[in-house]
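Descriptive analysis of the structure
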Amino acid sequence: MNIFQIFHDRIAEILGQITASGRLPALDPARFVVEPPKDAAMGDLAANAAMVFAKDAKPHFPNPRQLAAEIATALAQSEGVAEVEVAGPGFINIRLKPTVYRDVLRGVLCAPDDFGRHAPSASDGTGHSRTGTLSGKVNVEYVSANPTGPMHVGHGRGAVFGDALANLLEFSGCEVTREYYINDAGAQVDVLARSAYLRYREALGEAITIPEGLYPGDYLKGAGEQIAKAHGRALLGKEEREWLAPVRDIAIAAMMDLIRDDLQALGITHEVFFSERTLHEKVNGVCEIDRQIEELRAAGLVYEGRLPPPKGQLPEDWEDREQTLFRSSDWGDDVDRPLKKSDGSNTYFAADIAYHKNKIDRGYTTLVDIWGADHGGYVKRMTAAVAALSNQKVDLDVKLCQLVKLMREGEPVKMSKRSGDFVTLREVVDEVGVDAVRFMMLYRKNEAPLEFDLAKVLEQSKDNAVFYVQYAHARGRSALRQALAAFPDLDVSATALSRAPLDLLEDEGEIGLARVIAQYPRLIEAAAAAHEPHRVAFYLYELASYFHAHWNRGKDRPQLRFVNPLERKLTGARVALVVCLTSVLASGLKLLGVSAPEEMR
RNA sequence: GACCCCGUAGCUCAGCCGGAUAGAGCAACUGCCUUCUAAGCAGUAGGUCGCAGGUUCGAAUCCUGCCGGGGUCGCCA
């Protein structure tokens, strides 16, 4: 039950009636919003419809306040409305009867897991929000780290972000596929293979030194042993071109096992692992990438031509030559982009075109790619490509995650050079736990840089948002346990709680809590439409803070406490409220992939 | 040189397709509590929203140009 949605619909209906009376043109209801007012003293809901439509209404309503007044009058008759007033330049402020919040709470109690959820319904029109489509098949591609070593902290951010976004979209009614694009083609995996080959020789007893340019990490020892196990001494002394492919296969598989373990430690699983190499594999002499290029050429999107040299620092080996170009500048990119390297092989972009075409062909209506910020320069061409490939039918939203700066007590953590590596994601997860990592990485906009303080996230204090939110949940669960201790026969089943005398919830703090709870569905919809899971984290913090503040008032005023051994009915009503609260906290935490503990001890 | 992201309180950051007096936490200052409702509570103070224009009834939000920080810039993925 989304009260904001309900009143948006009602106001749209009233506007429709005014239109029918000939005093307004037909208007798009998606243009106005119903939102919580700036200040709770102004009421429960605020609508800006009269101001948004001021221009259209001018002939019959010279100023927005007059239109607002007419809407307000009609709205005052509406169910659940206590009072409507026009304020400021033309806001319509609605004060609700307390029964509305009781209905909301009962809704939560009856179906705690579904509050805020949008069923994957068909075309009832409600799947479309004002900012994005919240229905249909969505592919979220995230992590997609090169299979050349364990994940580092930066990868972790994209991983957590993508996973939470996927959860959020699923909860909002989309059919979501979580996908990992394995960059298992190209020079980097050859370097990996050469590095693994050294480890293979090492596993067979040779003393090795790892030259500059190869991966020195210890994590390749396992791969070396696997190669030794599979091939014995057979690969020793052979030419690289003989051992490269088999070694590479084993090394990549080993690295993917490593990465999958890292992801598992973060609670992340993908449904699809898509191998870039499959796009390069030739069938009857033609690979998927070439096939796509030729299709695009036939469609006039690919041509042979020259590119002006890049301004600024000119690459040393720049040579002006004719090459195969994708007409991305026709679709919003700055210049056309090359698809072939000088040696005739395909560029990464060419492979990515084929890959995204594959996703389009699998029937997704929205594609979301999660990339590191260093790939920012790549966004336009990919967006252009998807637009061209799908004839603008499919949306691509690329979300860039900024880098993570690891701190400890405010001091930057030194990157360990020990294994030729940085601080791995696994080390961080092992040190502070998956909940802290996930929550903190989501407690920031994706495009803002993130400082992650290893000491702070373990603090058990209000300064630490993870703790604060989880504590609110634990505290709520504890209240429920206390109620059961005071009234052992108290029925806390969903049906019983939904029949609790909620009209006894009269305190401003209780009503305020209900008000924030009622905002959850709206928050979810907005966060999902904007592809911004961080909003969920901030909402949870706010909800927790309302709860803690109310709880603290009970210290001085015991009559406000949730459990009162002398007041069975009142305790029942407050327990119902607390169950609503913990349900919403648990629901939001689940979307973020963070646990909702029963206690913090 | 071009493109992308960022610039909001001393610090770290929110601010939901333009909306009412720009918010929170930390730090600072002032009180309160010394608990059994568990790792404090309440309050005060603090901002030319980088700068300058523009769009409009209205701009932190949209547009343009600067300034500052970061990133990227055929044949790395």
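Each chain has its residues counted from 1, running along the sequence as written. Throughout, the order in which chains and ligands are written sets their labels, letters from A for the former and numbers from 1 for the latter. Totals for whole chains, interfaces and linings use every residue, but because this is a predicted model, local features are given only for residues with pLDDT of at least 70 and side-chain atom pairs only at 80 or more, for both listing and counting. Remark: hydrogens and water are excluded; side-chain values derive from all non-hydrogen atoms of the structure.

This part covers the sheet that holds strand β11 (residues 323-326). DSSP calls a pair of strands paired once it identifies at least 2 bridges connecting them. Numbered from the N terminus, helices here are DSSP runs of H or I no shorter than four residues, and strands are runs of E no shorter than two. Pairing within the open sheet is antiparallel, and its three strands lie in the order β10-β11-β12. This sheet does not close on itself; its edge strands, each paired only once, are β10 (302-305) and β12 (337-338).

Quick look at the nonpolar core now. Across soluble globular proteins, nonpolar side chains have a tendency to be buried as a group. Throughout this description, the term nonpolar core refers to a set of buried Ala, Val, Leu, Ile, Met, Phe, Trp, Tyr and Cys residues connected via side-chain atoms within 4.5 Å. Relative accessibility under 20% of the residue-type maximum defines a buried residue, over 50% an exposed one, and the middle range a partly exposed one, all with a 1.4 Å probe and only protein chains included. In terms of nonpolar packing, the biggest core is built from 151 residues, with Phe439, Phe452 and Ile517 touching the most fellow members. In terms of residue count, helix α21 (residues 568-592) provides more of this core than any other element does, 13 residues in total. Two domains share this core, each providing at least three of its residues, namely domain 1 (3-96) and domain 2 (465-592). Two residues qualify as a contact provided that any one of their heavy atoms is within 4.5 Å of a heavy atom in the partner residue. Leaving out residues up to four positions away in the same chain, phenylalanine 452 has contacts with Val404, Lys405, Leu406, Met407, Val428, Val432, Ala436, Val437, Met440 and Val457. In terms of nonpolar packing, the next biggest core, distinct from the first, is built from 31 residues, Ile293, Met382, Ala388 and Val398 among them. An automatic or database domain assignment supplies the start and end points of every domain.

Its place among the elements puts glutamate 79 in the loop between α4 (64-76) and β3 (81-87). Sequence spacing of glutamate 79 and leucine 96 is 17 residues, and the spatial spacing of their C-alpha atoms is 9.1 Å.

A word on the packing of helix α11 (residues 288-298) against helix α12 (residues 348-361). Orientation is described by axes fitted as lines to C-alpha atoms, over the contacting stretch for helices, and by angles from 0 to 180 degrees between their N-to-C directions. It is at 9 Å that the axes of α11 and α12 come closest, and there the two elements cross at 85°. Taken as axis vectors, α11 and α12 run roughly perpendicular relative to one another. Of α12, the residues touching α11 (which contributes Glu288, Ile289, Gln292, Ile293 and Leu296) are Ala350, Ala351, Ile353, Ala354 and Lys357. Here the nonpolar group is Ala, Val, Leu, Ile, Met, Phe, Trp, Tyr, Cys and Pro; Asp, Glu, Lys and Arg are the charged ones; every other residue, Gly included, is treated as polar. Partitioned by chemical class, the residues of the contact of α11 with α12 number seven nonpolar, one polar and two charged. We call two directions roughly parallel when the angle between them is under 35 degrees, roughly antiparallel when it is over 145, roughly perpendicular when it lies between 65 and 115, and oblique otherwise.

Turning to the pattern of salt bridges, a few remarks are in order. Any carboxyl oxygen of Asp or Glu within 4 Å of a side-chain nitrogen of Lys or Arg constitutes a salt bridge here. The final tally for this structure, using the stated rule, is 38 salt bridges. Put simply, glutamate 271 and arginine 178 hold a salt bridge, and the shortest N to O gap is 3.3 Å. Remark: arginine 178 occurs in strand β6 (residues 174-182) and glutamate 271 occurs in the loop between α9 (240-265) and β7 (272-275); sequence separation between them is 93 residues. Judged by its relative accessible area of 48%, glutamate 271 is partly exposed. Note on arginine 178: relative accessible area 7%, which makes it buried. For glutamate 206, the salt bridge identified is with arginine 201, shortest N-O distance 2.9 Å.

Bringing the domain arrangement of chain A into the picture now. Along its sequence, chain A is organised into domain 1 (3-96) and domain 2 (465-592). Computed from C-alpha coordinates alone, the two centres of domain 1 and domain 2 are separated by 31 Å. Contacts between the two partners involve eight residues from domain 1 and, on the opposite side, five residues from domain 2. A simple way to read buried area is as the amount of 1.4 Å-probe accessible surface that goes missing from two parts once joined, with both sides added. Taken together, both faces of the contact between domain 1 and domain 2 bury some 540 Å²; the carbon and sulfur share is 52%. Between aspartate 44 and arginine 515 there is a salt bridge, with its nearest N and O atoms 2.9 Å apart. Counting of polar contacts relies on pairs of N or O atoms within 3.5 Å, with two restrictions inside protein: one atom must be capable of donating a hydrogen and the other of accepting it, and residues adjacent in sequence are counted only when both atoms are side-chain atoms. Our count for the contact surface shared by domain 1 and domain 2 stands at two residue pairs in polar contact (both at pLDDT 80 or more). At the level of secondary structure, the elements contributing two or more residues to the side of domain 1 that touches domain 2 comprise α1 (3-20) and β1 (34-35). Partitioning the side of domain 1 that touches domain 2 into residue classes produces five nonpolar, one polar and two charged.

This part covers the packing of aromatic side chains. Only rings of Phe, Tyr and Trp enter the pairing, Trp through its six-membered ring, and a pair is recorded when the two centres are within 6.5 Å. The plane angle decides the type: under 30 degrees is stacked, over 60 is edge-to-face, the rest tilted. Counted according to the given criterion, the structure contains 22 aromatic pairs. On the numbers, 6.1 Å between centres and 75° between planes, the contact of phenylalanine 32 with phenylalanine 53 is edge-to-face. With a gap of 21 residues between them, phenylalanine 32 in the loop between α1 and β1 and phenylalanine 53 in the loop between α2 (49-52) and α3 (54-57) connect regions that are remote in the sequence. Phenylalanine 53 shares its class with phenylalanine 32; the two are buried. Taken together, a centroid distance of 4.7 Å and an interplanar angle of 45° make the contact between phenylalanine 274 and tyrosine 355 tilted. Placement of the pair is phenylalanine 274 in strand β7 and tyrosine 355 in helix α12, with a sequence separation of 81 residues. Here phenylalanine 274 and tyrosine 355 have matching classes, each one buried. Aromatic rings pair up to connect Tyr181, Phe274, Phe326, Tyr348, Phe349, Tyr355, Trp371 and Tyr378 into one cluster. In this analysis the charged atom, NZ for Lys or CZ for Arg, is taken to sit over a ring once it is within 6 Å of the ring centre and within 35 degrees of the ring normal. Across the ring face of phenylalanine 4, the terminal group of arginine 522 is positioned such that the distance to the ring centre comes to 5.3 Å.

A word on the sheet that holds strand β2 (residues 45-47). Pairing within the open sheet is antiparallel, and its four strands lie in the order β1-β2-β4-β3. The open sheet terminates on both sides in strands that have one partner only, identified here as β1 and β3. Taken together, the six bridges between β3 and strand β4 (residues 91-96) define a ladder with antiparallel strand orientation. Pairing of valine 81 across the sheet is with leucine 96, part of β4.

The end-to-end C-alpha distance of α12 is 20 Å, a good match for the 20 Å that 14 residues give at a rise of 1.5 Å each. In terms of burial, α12 is largely enclosed, as eleven of its 14 residues are buried. Turning to α12, its buried residues are Phe349, Ala350, Ala351, Asp352, Ile353, Ala354, Tyr355, His356, Lys357, Lys359 and Ile360. Note on α12: the residue one or two positions beyond its end, glycine 363, has a positive phi of about 95°. Every helix has an expected span of 1.5 Å times one less than the residues it contains.

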